[in-house]
Structure formats: C-alpha cells, structure tokens
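# Working through the structure, step by step
Here are the chains, one letter per residue:
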Amino acid sequence: MTRRVVITGVGLISSVGIGTEANWDALCAGRSGIGPITRFDASLHSSRIAGEVKGFDPLDFVAKKEVKKIDAFIQYAIAASQFAVDDAKLAITADNANEVGVFIASGIGGFATIESEHSELLNGGPRRVSPFFIPASIINLAAGHVSIRFGAKGPNLATCTACTASAHSIGESFEIIRRGDADVMIAGGSEMAITPLGVGGFAAMRALSTRNDEPARASRPFDKDRDGFVIGDGAGIVILEELEVARARGAQIYCELVGYGLSSDAYHLTGQPPDANGAVRSMQMALRKAGIAPAQVDYINAHGTSTPINDPTETLAVKTCFGDHAYKLAMSSTKSMTGHLLGAAGGLEAGITAMAIRHQIAPPTANLDAPDPACDLDYIPLAARPMKIDYALSNSFGFGGTNGTLLMKRYED
C-alpha cells in the first residue's frame, strides 16, 4: 500500500510578515510588502524596489556568536523551520530522529556573503577572507544547520533548480516518505538575493520591474501593464509526515499532498516555449500520479511572476491542461504582494496553498486592474475569496526550463 503524506506544519517568512499567521493575514488583506530597497544604496540601479523581510532579528533564532557565521538565507531557513516545527508540535527525539529528514533548497544561496568576502579579498588579500566563508554561503548548509538544530538524522538534502528549487524539495520529500526512507521531512526553501550584484544581474536581463515610484503596485501578475518581477527574500518550510505517523501523535493536518509533477522545457535557458509544453506536462504528471481528473481542481497558486513572458504562457498551460475547466477554476499569484523569492518561492507558496485549503479561502492577485487580453482566466483580482477548495495546485517554473507542480487535497479522516 502506498504511504500517504500530509502537511502538519507551516513556517513562513516574507516581506509581508514574519511567521505563518502574519503572512496569511497580510495576504488575505491584500497587503503588499514591496518597498524601496534599504539593504544597500540602489540609486544607480534601474530597479530600486524589492520585497525585503522587515524587522527580522536573527538573535531571536540563532545564538549571537553564530549570527556572523551564517548568511541571511540560512538564518531565514532556521527561523522558518522553527516556526514550522512549532506549528506541527513536532518533537524530534532519540526514538524518531533517524526517521526525520531535512530538504531545504535555494536558488542562489549566500549571495550577500559571497559579495562581501570577495570585497575583502580584493581590498585586503586572501588573509582577509573569513574561515567561515564557505560554510556560511553554500546552499546545502541551510539543511545542515536545520538538521543539527533539531537532531534530525534522516535524509539531509538540498537542491538548486532556480525558481523551482523548493517546489522540487517538497516534491522529492513527498517521494522520500512515500517510498519509506523517512517518516517526516522538514522541506522547503530559503533565499536572500537582494544585493547589489543580485539586483544588478536580474536588472541587466531586463527581468525586473522599474516601477520605482509605486513599489506596492509594481508586481502585477496577469495585468497588461506589468513590466517585470520584483525580487523578494524570505523562506517557506512545511512539515511533511506519513499519515499514520501524524495520526498516531494527534497532529493537526492542513491537507494531504497527493501529487507531484516535474519536467523540462528543453527549449531555452530563460524563456518558456510558446506552447507551454513543459508546464503542461508538469501539471499533468501531478494529476496523473494523484489519480484525479482535471475538473476536480478548484484553485491554483500560480507561478505568476509579473513578467511579459511567464503570465500568458502559464495561462496557456492551464488552458491546455484543464480544457474548458480552466475557466471554472480560480488562480492567484501571491507574488503580487511578496515579490518573487526565487528558489524559496515554491516553499512559501506551498505553505500558502496549504493554508488556503485549511481555511477555504483563496488569497488574491493584487494590482490586477486591467488584465492582459491573453490572460483571460479567473485570477481572483484584488480581494481574497472564500470558496470550496478540495484540490489545489502550486506551480513553480525556473531558469533552465525546469518545472515543478505540487497537488494538495483537503484532508478527510
């Protein structure tokens, strides 16, 4: 018998709030976390806005002597994991530690640390480079720190598949539990790439919004006036558990994770194919593995980046996958409020999707004032919507043509 997997804890950090309930309340209210960049002087950058995490104190989660030894993306991962573990009321002990794993992704990792240590090298020579540089910045050290913090001795993994990274980490964790290699996985992603080089690099690609005078209105997925994505930082972590393990300890259950799809466009490093074939196959695989019909899906948390290419392509993918039902289901992009968390986006949005199922409320797409004619589906504009959500999808697509889809189901005992 195939082992069933449920979500029992959610930990979220983003520009709209620190903590899961703070994020959920802000998103349902349609509040944007996007504002002028404060981390560095962005006056010479074409894009001077971002979804920065505000008011985060690493000392709330990390010992003072350790803070300077780890990049912010690791700090966020630790904090979001703590939120998720506490939310799940998960106790990791000598009896179950071998069955608890960690799988935390990032698209870029310790960008800020890499930049600062490179500056030290150029200005002071190799002796100025910190001995903590490498462990402070490499991507798998987020999972490493979380594993050590909680004593989780099961699988310890990381993935780096651009903006699909944490969707893949959750999907692969789902498979790990299903095949019996762990009973519990702490899974998701973390990112902090709001740095001079990070913003400069994406801006050089003309990928970022330059609506600098209206930060809160800059991320506008599916709107005809969108001009690029807004970079954001934060983390999204969920606790996945084998159903009987969760039931045995009386855990709360947000929803059941029932399908996972992944594919490659095999088309272009940064663009999507005109027929959206890769995204279509990713969604179809998730549906097929769950054994459900397209018409059973009620809600999609879209990748919805607010870029000229993604939004109509994702719309076409949904139409192709769901046929006439595409016009009956609801979609929204919460990136309209949080910005795009790159490798952490899928983790944040998986947590949001689980919350949507639990509360039977779909969060809105902010700033959708005038939909692009090519984007003609129901994107839940401007205001959250109470609705029946029995099945929901969360989509993530990344550079290199890598796609990931998570399919969740309302849990019934």
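Before going into details, it helps to say that this report is about the structure given with it. As the structure is a prediction and not an experimental result, all values here were calculated from the model.

### Some words on the overall build of the chain
Tallying secondary structure elements over the chain gives 13 helices and 15 strands in all. Its C-alpha atoms give the chain a radius of gyration of 20 Å, within 12% of the compact-globule value 22 Å for 413 residues. Seen through its principal axes, the chain has C-alpha atoms that stretch 65 × 55 × 40 Å. Burial status across the chain gives 61% buried among its 413 residues. Considering only intrachain contacts with a sequence separation of at least 6, the fraction spanning at least 24 residues in the chain is 78%. With the model as given, the accessible surface of the chain reaches about 15400 Å², and the carbon-plus-sulfur share is 54%. Side-chain charges of the chain comprise 36 positive and 44 negative groups, with the mean position of each set lying 1 Å from the other.

### Overview of the layout of surface pockets
A water-sized probe, rolled over the atoms, reveals where empty space remains. Here the largest pocket is characterised by a volume of approximately 460 Å³. T270, T305, T307, N310 and F399 are the residues nearest the centre of the largest pocket, which is lined by 24 residues in total. Class assignment for the residues of the lining of the largest pocket results in 10 nonpolar, 12 polar and 2 charged.

### Focus: the pairing of strand β8 (residues 234–242)
Within β8, 9 of the 9 residues are buried, which leaves the element mostly enclosed by the surrounding structure. Covered by surrounding structure in β8 are G234, G236, V238, L240 and E242 together with A235, I237, I239 and E241, the residues of both alternating faces. In this sheet, β8 lies alongside strand β1 (residues 5–14) in antiparallel orientation, the contact comprising 8 bridges. Pairing of I13 across the sheet is with A235, part of β8. The sheet contact formed by strand β7 (residues 184–191) and β8 spans 8 bridges and is antiparallel. Its bridge partner being in β8, V184 is matched across the sheet by E241.

### Details of the environment of Y254
Mapped onto the elements, Y254 comes out in the loop between α9 (243–248) and β9 (255–264). Spatially, the C-alpha atoms of Y254 and G398 are 27 Å apart, while their sequence positions differ by 144 residues. Those residues in contact with Y254, other than ones at most four positions away along the chain, are I7, T8, G9, V10, D87, A354, M355, I357 and R358. A distance of 3.0 Å separates a polar atom in the side chain of Y254 from a polar atom in the side chain of R358.

### Observations concerning unusual backbone geometry
Backbone geometry at A266 places phi at a positive 50 degrees, although glycine is not the residue there. Within the secondary structure, A266 is located in the loop between β9 and α10 (277–290).

### So, α10
If you check α10, its first and last C-alpha atoms are 20 Å apart, about what 14 residues at 1.5 Å a residue would give, namely 20 Å. Taken together, the buried positions of α10 are G278, A279, V280, S282, M283, A286 and L287. The inward-facing, buried residues of α10 abut β9, α11 (310–322), β14 (391–398) and β15 (402–409). Phi turns positive, to about 75 degrees, at G291, one or two residues after α10.

### Notes on the pattern of salt bridges
Here the structure, examined in full by the defined rule, presents 24 salt bridges. Residue D223 pairs with R220 through a salt bridge whose shortest N-O separation is 3.3 Å. Of the residues examined, D223 reaches a relative accessible area of 0% and is grouped as buried. The partner of K388 in a salt bridge is D390, and the shortest N-O contact between them spans 3.2 Å. D390 sits in the partly exposed class, given a relative accessible area of 26%. Each member of the salt-bridge network shares a partner with another, and the members are R211, E214, R217, R220, D223 and D369.

### So, the side chain of Q75
As for its position among the elements, Q75 is in helix α3 (residues 72–88). Residue class for Q75 comes out buried when judged on its relative accessible area of 9%. Engagement of the side chain of Q75 in a polar contact is seen with the backbone oxygen of I70, the distance being 3.2 Å. What Q75 contacts, discounting residues up to four positions off in sequence, is F56, P58, V67 and I70.

### Quick word on the packing of helix α7 (residues 165–178) against helix α13 (residues 345–359)
Look at α7 against α13: their axes get within 5 Å of each other, and the N-to-C directions meet at 60 degrees. In terms of axis orientation, α7 runs oblique to α13. Between α7 and α13, the contacting residues are S166, A167 and I170 on the first element and A345, G346, G347 and A350 on the second.

### Remarks on the side chain of S166
The topology assignment puts S166 in helix α7. Classification of S166 as buried rests on a relative accessible area of 0%. Setting aside anything within four residues of it in sequence, one finds S166 in contact with A105, G188, G189, G343, A344, A345, G346 and G347.

What counts as what
The residue numbers shown here count from 1 along each chain, following its written sequence. Restriction of local features to residues with pLDDT of at least 70 applies here, the model being predicted, together with a cutoff of 80 or more for giving and counting side-chain atom pairs; totals for whole chains, interfaces and linings are based on all residues. Where side-chain values are given, they derive from all heavy atoms of the structure, hydrogens and water being excluded. The numbering of helices and of strands both runs from the N terminus, where a helix is a DSSP run of H or I of at least 4 residues and a strand a run of E of at least 2. This radius of gyration counts C-alpha atoms alone. The globule rule is 2.2 Å times how many residues there are, raised to the power 0.38. Exposure categories follow from relative accessible area, calculated using a 1.4 Å probe and restricted to protein chains: below 20% of the type maximum is buried, above 50% is exposed, and the middle band is partly exposed. Residues count as neighbours in contact if any of their non-hydrogen atoms are within 4.5 Å of one another. Values of accessible area rely on a 1.4 Å probe in the Shrake-Rupley scheme; residue burial ignores everything except the protein chains shown. Positive residues here are Lys and Arg, negative ones are Asp and Glu, while His and the chain termini are left out of the count. A charged residue contributes its charge at one atom only: NZ of Lys, CZ of Arg, CG of Asp or CD of Glu. For cavity detection a 1 Å grid was placed over the protein atoms alone, and a set of points counts as a cavity when a 1.4 Å probe fits there but cannot get out; an open set counts as a pocket when protein lies on both sides within 12 Å along at least five of seven lines, with lining residues being those that have an atom within 4 Å of a point. Grid points are joined across faces, edges and corners, and a volume is the space filled by probe spheres set on the points. Side-chain classes are defined by residue name, with Ala, Val, Leu, Ile, Met, Phe, Trp, Tyr, Cys and Pro counting as nonpolar, Asp, Glu, Lys and Arg as charged, and the others, Gly among them, as polar. Note on pairing: DSSP must find at least two bridges between two strands before they are called paired. Counting of polar contacts relies on pairs of N or O atoms within 3.5 Å, with two restrictions inside protein: one atom must be capable of donating a hydrogen and the other of accepting it, and residues adjacent in sequence are counted only when both atoms are side-chain atoms. In this analysis, the expected span of each helix is defined as 1.5 Å times one less than the number of residues it contains. We count a salt bridge whenever a side-chain nitrogen from Lys or Arg sits within 4 Å of a carboxyl oxygen from Asp or Glu. Axes, fitted as lines to C-alpha atoms, cover a helix only where it is in contact. Angles between the N-to-C directions of the axes lie from 0 to 180 degrees. Throughout, the term roughly parallel applies to angles under 35 degrees, roughly antiparallel to angles over 145, roughly perpendicular to angles from 65 to 115, and oblique to all others.

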